[in-house]
Structure formats: C-alpha cells, structure tokens
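Residues per chain, in single letters:
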Amino acid sequence: MALNCAPPLLNSNLKLWNKHREAHFCVAKRSNAAVSGRNALLRGSHSCSILANHNGFRMHFVRPTAKRNFTKVGASSDEAQSLNSEQDDFAWSSVLLPFLFPALGGLLFGYDIGATSGAAISLQSPELSGTNWFNLSAIQLGLVVSGSLYGALFGSLIVYPLADFLGRNRELIIASLLYLSGGLLTAYAPGLGVLLIGRCLYGLGIGMAMHGAPLYIAETCPSQIRGTLISLKELFIVLGILIGYFVGSFEINAVGGWRYMFGFSAPIALVMGLGMWSLPQSPRWLLLRAVQGKASLQEYKEKAVLALNKLRGRSTDDKASEKQIEETIVSLKTAYTGQDSEGGFLEVFQGPSLKAFIIGGGLVLFQQITGQPSVLYYAGPILQTAGFAAAADATKLSVVVGVFKLLMTGVAVLKVDDLGRRPLLIGGVGGLALSLLLLSAYYKFLGGYPLLAVAALLLYVGCYQISFGPISWLMVSEIFPSRTRGKGTSLAVLTNFGSNAIVTFAFSPLKELLGAENLFLLFGAIAILALVFVVVYVPETKGLSLEEIESKLSE
C-alpha cells in the first residue's frame, strides 16, 4: 500500500535536453562554467550530472522535454548561474534518511501482515500458544487478526483534521510511539482483552503512518526522484511482510511464539521514532502553516530554509534553498488567494472529482474484496489446509510467498512507466481471477494436488503485485483534481482500510458458512467484475501530467 497524496515542494523544469540526442550539458556549481559531456544519459527519461565540491558528491537530474532547448558550450556566467539556480541539487547522503525513517512506517505495516499469518497458527495451538485461552472462536480469531485494521481505520479517520496541526514529522513520531506501545502490549498480553487493545493501538499507528509517510517523503525529497522513492515505499511494505514471514518461521515451534512475532516490531518502531526525531519538519508544511496565518511568515520561512538545507545537504550560506523557498511561498499564496484551493468535502462527489473517486475508490475497493487481505493474513492456514499440515512447513512456504511478492513488486516498479497502467491492471486482474478459480477447484475436486494450491497462491500474489498492489495507489495519487486531491485521497484511504478490515474479519466466518471452495469461487467472481471495471472505466495515465489527467477527466 503506497500513498502519494501531496503536491511537490519544488517543481524544477530545466529544459536542457533534446530526447533524440545524447549530448549532455551540465553546470558546475562553484565555477559557474558550462560543461558539456557525453555518456551521461541515464536509462529512461533522466540525465544526471555528478558534481563534486567541499560538501561531497551531488546529483543533478534533468528531465527531457520535447522542446529543443540547449545550453551552449561557452555560455556566459550569468546564463550558467541562471540555469544552475533552477536545478534542485542534493547530496544522496542527505536524501536517504528522510526517505528511510518514514518508510519504516510502511515496513511495520507490512510486518504486521506477515507476522499475523504465523501468530494466528501459534495462538490457537494447544501445545504452542502458552495460554489457557487458545481455543478461539472464528469471531475471536477474526478480531485478533483484523484488530490492527480496525485501529488503522479509526486512525485514518482522526488523522485528517489533525494532520495539518501536527505536521508530518510529529505525526510520524506519534505513529512510532503507537507502534511501540501496541507491539509491546501485544507481546506481553495476559489475556485476550489486552491482546485486542494492543492490536488496536498498533493499528492506530498504521493509520497515522500510512497518512504521514507518503506526505513527508513527497514534500521533502527532490522532485526529480519523488516518484522513484514513493514507489520504493511499496517495496518496504512488501519487505515488512517478508520479515514477518521469516520471524514467524523461526518462532513457530516456540512456546508462546506469537508473542515474539508481535513483539519484534517494537525495536523497529523505536528506530523509526528516534529517526523521525532527528529529521526536520517538512518545509512545505512550515510554509503552508505560515501562508494560512497559523504562524509568523518570517519565522517559518527561516525554519523552512534551514530544513531544506538539511534535507539537501547544503551549507547554511547556500542561496539555492532560500530561492526555492521564496518560489514555493509565491505558489502557495497564489493557490490560497480568492478561493478555497482545497475544495469542499461535497465537491469530491461532483463533476470530474466524482469520476476520479469512482476510478480511485473502485480500484482500492476491488483491491480488497477480491480476497487480498484473506490471502495475505491467512497464508499459513491456507497452506496448512492445502496439505502442508505441519505449522513449520506452512510458515516456511509463507516466506517463499513473501520473497516472490517482493520480486514481483520490483517488476511492477520497473515496468509501470514502460507498459502503462492499464495493461498491467488488465493482465494482473485477469491472473487474479484465474488463481482464485484454481483455488476453488482445488478445494472442490483437486484436493490430491497440494502443489496446485501453492502454485495458485503464488499466481495470485504475483498478479496482485503487478496490478492492484502498486498501481491502485499510483492511480489514486494521479487521478484526483488538485482542488480535491487531499480529500479524495483521504476517502480512498478510508475505503481501503474499511474494506480490508471487513474482508479480513469476515473470512473465517464465511469460510465456515460457505466452505473454502465456495468462498474462493465468490472472490473469483468479484475479480471478474473487477476486470470488467478496469477495462471500462480506468483510463491510461502513462506519460500525462497531472493537469493533462485532470483535463482528460473533464471531457
């Protein structure tokens, strides 16, 4: 699950490239001299200059455009300085940590998914649970498994009015504290009631982290690598799932192993909290508060300059940050002049915004009701039922599922801008339907082939990770008009967590009522409906600017 719901802090459109040529022109920062070179063309659509000075190595990225604007060799120093001022130069060492610590919030979300798979087995085992309340009903097990999702749903509800007051940094610090307290309380729970409270606290942390992390990353990272970093955040979620599977496989035979599975999240949450404490507030948030009249413009402008210097690894006497902050202030003042630039709540259900919500909300809804929470949270039990009776075998196979999920997520990140959104969605959702029908067939009349269930599970995971997994949230971040993007994305988050919690909770009771074969048949039928939805309603947005997408929806 990867959200990208914040506008960029800075938008550099330096036009130095003709996409049909290989000549690369860059500007040396300290000497103000224009330099030309070859062999700097990066794969895809970016060029890169590496500059060295007393602050270390810096990367300058340039996007290609259709216009043929070049910097000529021997340009004047004034021309060179003008071009250089529009580049968002940065040191990689200063960019990594502002991405890494917020991304740990996504990793902890994924870890909960993976760890719960093994913990559900351990908690119900008479020999391994280490409790006298191991005989859980289907409803009680559903509450344990989906408790964190209910907490996340509530967290996503309360965070919306508080987010702009707290700021992205403080929001993520609070999320880390909720992760920490929830993990520890769950690990040391003396009874079911305390366990459920701990699960809900952890879920509150999920809700806040999933809101704050993409905002902080989007608002603080350089605009030219923003898409890459936010896509990588999805990999952190998948990596967390894989770590959860690994911990489950190691602790599944230990008495009270479920306590270790849940408690392992605590040290990661501590690292996240300490890391966020060391990072500055988002410069855009500081300026937004000032422009809204919530703070002194001069004071928060100075804080924003200092924050941006730290985030880019620049010296305090570097004027680039000050110039970029000034430009951002002008942009924000323009947006907040004469109208409610964010749009009203009801505007989400009108005109192009309604069309966008149908597309974005429909994708995240089908993302969940095609069985995704059930397959992930119950990977271990599904594999046990498929014929791998030993809990250790099931959890080890869950690790294989996690590794495959990670690999397929990487494929999606690499190919989404080459193939486009629609082809991956159509192919992936078609594969989901096939895999669910195979699981149903296995439980109906192919029970003698347990490897078929494993293959169907891998097919499901792979197809999900090249379609609904990353692309649903990519589309949500792209599809809403600028005036309603924040509120529209918030509604999409609520739709995601709400449907996730319902499906996860309902899986066990429905499995008892319908049987696994009919339940997966139901999910397969919904996947076919999802495929029709994608073919009919979802547009292709590859290569389009946000303004072009907005214009396309208005037609």
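Please read all numbers here as calculations on a predicted model, not as lab measurements.

## Re the environment of Thr116
Then, number 1: Inspection of the secondary structure assignment puts Thr116 in helix α2 (residues 92–124).
Then, number 2: When the C-alpha atoms of Thr116 and Tyr245 are compared, they prove to be 8.7 Å apart, with 129 residues separating the residues in sequence.

## Here's the deal with the pattern of salt bridges
Then, number 1: Under the criterion given, the structure shown has 3 salt bridges.
Then, number 2: Its salt-bridge partner being Arg199, residue Asp112 comes within 2.5 Å of it at the nearest N-O pair. Of this pair, Asp112 sits in helix α2 while Arg199 is found in helix α5 (residues 192–220), placing the two residues 87 residues apart along the sequence.
Then, number 3: We classify Asp112 as buried; its relative accessible area is 2%.

## Overview of a nonpolar patch on the surface
Then, number 1: Residues Leu346, Phe349, Leu354, Ile358, Ile426, Leu437, Leu521, Ile528, Val532, Val535, Val536 and Tyr537 make up a contiguous nonpolar surface patch of roughly 1000 Å² in combined accessible area.
Then, number 2: Listed by contribution, the elements that provide at least two residues to the nonpolar patch are α12 (351–369), α16 (421–445) and α20 (516–537).
Then, number 3: Examining the composition of the nonpolar patch, we find that 6 residues originate from one element, α20, more than from any other.
Then, number 4: Inspection of the secondary structure assignment puts Phe349 in the loop between α11 (320–335) and α12.

## A short note on the confidence of the model for the chain
Then, number 1: Per-residue confidence for the chain averages 75 on the pLDDT scale, and 73% of its residues sit at or above 70.
Then, number 2: Confidence, expressed as mean pLDDT per element, reaches its minimum in the chain at helix α1 (residues 77–85) with 31 and its maximum at helix α8 (residues 265–278) with 95.
Then, number 3: A low-confidence stretch, residues 1–87 stays under pLDDT 50, and its non-local contacts, those more than four residues away or across chains, total 188 contacts.

## A closer look at the nonpolar core
Then, number 1: Counting 111 residues, the largest nonpolar core has Tyr179, Leu195, Leu363 and Phe468 as its most contacted members.
Then, number 2: Looking at which element gives the most residues to this core, the answer is α2, with 14 residues.
Then, number 3: Excluding anything up to four places from it in sequence, Leu195 contacts Leu123, Trp133, Val144, Thr186, Ala189, Trp258 and Phe262.
Then, number 4: Formed by 10 residues, the second largest nonpolar core is a distinct cluster that contains Leu286, Ala290, Ala304 and Val305.

How each quantity is defined
Residues numbered from 1 in each chain as written. Predicted model: local features only at pLDDT ≥ 70, side-chain atom pairs only at ≥ 80, totals over all residues. Heavy atoms only, no water. Helix = DSSP H or I, 4+ residues; strand = E, 2+ residues; numbered from the N terminus. Salt bridge = Lys/Arg side-chain N within 4 Å of Asp/Glu carboxyl O. Buried < 20%, exposed > 50% of the residue type's maximum accessible area, 1.4 Å probe, protein only. Patch = residues over 30% accessible without salt bridge, like charges linked within 9 Å, V, L, I, M, F, W, Y side chains within 5 Å. Areas by Shrake-Rupley, 256 points an atom, 1.4 Å probe, with all protein chains shown as cover. pLDDT = per-residue confidence, 0-100. Contact = heavy atoms within 4.5 Å. Core = buried A, V, L, I, M, F, W, Y, C linked by side-chain atoms within 4.5 Å.

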